[in-house]
Amino acid sequence: MAVVLGRKSRHDITLMRKAGQIVAEVHALVKEALRPGVTTLQLDEMAEAHIRKSGGLPTFKGYHGFPATLCTSINDEVVHGIPSAERILHEGDVISVDTGCTYKGLIADSAFTAGIGAIDPKVQALLDATRESLYAAIAIMKPGAYLEDIGGAVEDTCAKYGYGLVKQYGGHSVGHKLHEPPFVPNYRTGERGPELKSGATIAVEPMFNLGTEAVYTADDDWTVLTEDHQPSAHFEHTILITEDGSEPLTEMLGTPVW
Ligand code: MG
Ligand code: MG
């Protein structure tokens, strides 16, 4: 059965662009706040306040029971870490922050990883490569390309640097729901999948590990960790396929207004 990649209306896209800007503003605020001594709960409270003040809703809160606005994943945590007053950031840590915002029923989803103070250059290189793979995918996303090309761009970037490519998790169509089909693997599967068409909105989200690609889920049933406990990085944008290319809806535009 052919996999369908839904296309959004102009009105939906207008709302997703607004949701995307709120997410970008949250990320700018959180990045500013990253320093030793800050707890992940403080980051979460700041994010929720900004989303609600902007007329949005925190998409993740209550999603399959997830208790918070942000996923905050530190060092060897890959994704889905739960913000907590007990989790204090330290110099040299890296943190992945993933945010979803629902604006008038439409959703944008984005993530970044950043260091706290000075970090190991080896870990900074991991962050840089993961981000590079996201932009390599964005560069090939246009009408006429196929879903498989996204995974190919991410996989090739990962292979170039020799990092562990997380395969159990990946991107997804997004808009009316946080996770709409199809799933978007970060590697080639051998099936080219649906063609990318204008109006499609896809969250692409590579996750690279410094060591092994193997991951497991902690006893909290949420936090995903690297099996060898080496650091991991995660970058994500919600991307609109346009008439002749693509547009990340969760990149900061212009000057922040706060
Ligand atoms: Mg996300
Ligand atoms: Mg996502």
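Here, every reference points to the structure presented above.
Residues numbered from 1 in each chain as written. Chains lettered and ligands numbered in written order. Predicted model: local features only at pLDDT ≥ 70, side-chain atom pairs only at ≥ 80, totals over all residues. Heavy atoms only, no water.

Student: Please set out the sheet that holds strand β12 (residues 224-226) residue by residue, giving values where relevant.
Tutor: Strand order across the open sheet formed by three strands is β3-β12-β11, with antiparallel pairing between neighbours. Each edge of the open sheet carries a strand with a single partner, namely β3 (77-79) and β11 (215-217). Direction aside, neighbouring strands of the sheet carry axes that sit 40 degrees apart on average. Here β11 pairs with β12 via three bridges, running antiparallel. Across the sheet, residue V215 finds its bridge partner in β12, namely T226. (Pairing = 2+ DSSP bridges. Helix = DSSP H or I, 4+ residues; strand = E, 2+ residues; numbered from the N terminus. Axes fitted to C-alpha atoms, helices over the stretch in contact; angles between N-to-C directions.)

Student: Explain the coordination of the magnesium ion (ligand 1) residue by residue, including any values.
Tutor: Surrounding the magnesium ion (ligand 1) are the protein donor atoms D98 (OD), D98 (OD), D109 (OD) and E236 (OE), at 2.0 to 2.5 Å. Each donor residue of the magnesium ion (ligand 1) belongs to the same chain, with the gaps between them written as D-x10-D-x126-E. Taken as a pair, the magnesium ion (ligand 1) and the magnesium ion (ligand 2) lie 3.2 Å from each other and share D109 as a ligand. A residue pair is termed long-range when its members are at least 10 positions apart, and D109 in strand β5 (residues 106-115) and E236 in the loop between β13 (232-234) and β14 (237-241) qualify at 127 residues. You'll find D109 and E236 in the same group, each marked buried. (Donors = N, O, S within 2.8 Å, 3.2 Å for Na, K, Ca; no water. Buried < 20%, exposed > 50% of the residue type's maximum accessible area, 1.4 Å probe, protein only.)

Student: Residue-level account of the layout of surface pockets, with values.
Tutor: Computed from the structure, the largest pocket encloses a volume of approximately 350 Å³. As for the largest pocket, its lining consists of 22 residues, of which Y63, H80, L178, H179 and E205 are closest to the centre. At the level of secondary structure, the elements contributing two or more residues to the lining of the largest pocket comprise β7 (171-173) and β8 (180-184). Roughly 280 Å³ of volume is contained in the second largest pocket. Lining the second largest pocket are 18 residues, with H27, K31, F112, H237 and T250 sitting closest to its centre. Secondary-structure elements contributing two or more residues to the lining of the second largest pocket are α1 (10-33), β5 and α3 (121-140). Counting residues per element, the lining of the second largest pocket draws most heavily on β5, at five residues. When grouped by side-chain class, the residues that make up the lining of the second largest pocket number nine nonpolar, five polar and four charged. (1 Å grid on protein atoms, 1.4 Å probe; cavity = no way out; pocket = protein on both sides within 12 Å on 5 of 7 lines; lining within 4 Å. Points joined across faces, edges and corners; volume = space filled by probe spheres on them. Nonpolar A, V, L, I, M, F, W, Y, C, P; charged D, E, K, R; others polar.)

Student: Tell me what's going on with the nonpolar core, and back it up with residues and numbers.
Tutor: Counting 66 residues, the largest nonpolar core has L34, L43, I150, L196 and I202 as its most contacted members. Per-element accounting of this core gives the leading share, nine residues, to α1. Ignoring anything within four residues of it in the chain, the contact list for I202 reads L5, M141, I150, H172, S173, V174, V184, L196, H237, T238, I239 and I241. Listed in part, the six residues of the second largest apolar core include V166, M207, V215 and V224. (Core = buried A, V, L, I, M, F, W, Y, C linked by side-chain atoms within 4.5 Å. Contact = heavy atoms within 4.5 Å.)

Student: I'd like a rundown of the coordination of the magnesium ion (ligand 2), residues and numbers included.
Tutor: Each protein donor to the magnesium ion (ligand 2) is listed here as D109 (OD), H172 (NE2), E205 (OE) and E236 (OE); together their distances run 2.1 Å. Read N to C, the donor residues that coordinate the magnesium ion (ligand 2) are spaced as D-x62-H-x32-E-x30-E. Looking at E205, the relative accessible area reads 7%, which means it is buried.

Student: Tell me about the packing of aromatic side chains, residues and numbers included.
Tutor: In this description, an aromatic ring pair is defined by two values, namely the gap between the centres and the angle between the planes. One pass over the structure, following the stated rule, counts three aromatic pairs. Ring centres of Y161 and Y163 lie 6.1 Å apart, and the angle between their planes is 20 degrees; this geometry places the pair in the stacked category. Under the relative-accessibility criterion, Y163 is labelled buried at 16%. Ring geometry for Y163 against F208: centres 6.4 Å apart, planes inclined by 35 degrees, an arrangement best described as tilted. In this pair, Y163 sits in the loop between α4 (147-161) and β6 (164-165) while F208 sits in strand β10 (residues 207-209), placing the two residues 45 residues apart along the sequence. The rings of Y161, Y163 and F208 are connected pair by pair, giving a single aromatic cluster. Lying over the aromatic face of Y103, K18 brings its terminal NZ or CZ to 5.7 Å of the ring centre. (Phe/Tyr/Trp six-rings, centres within 6.5 Å; stacked < 30°, edge-to-face > 60°. Lys NZ or Arg CZ within 6 Å of the ring centre and 35° of its normal.)

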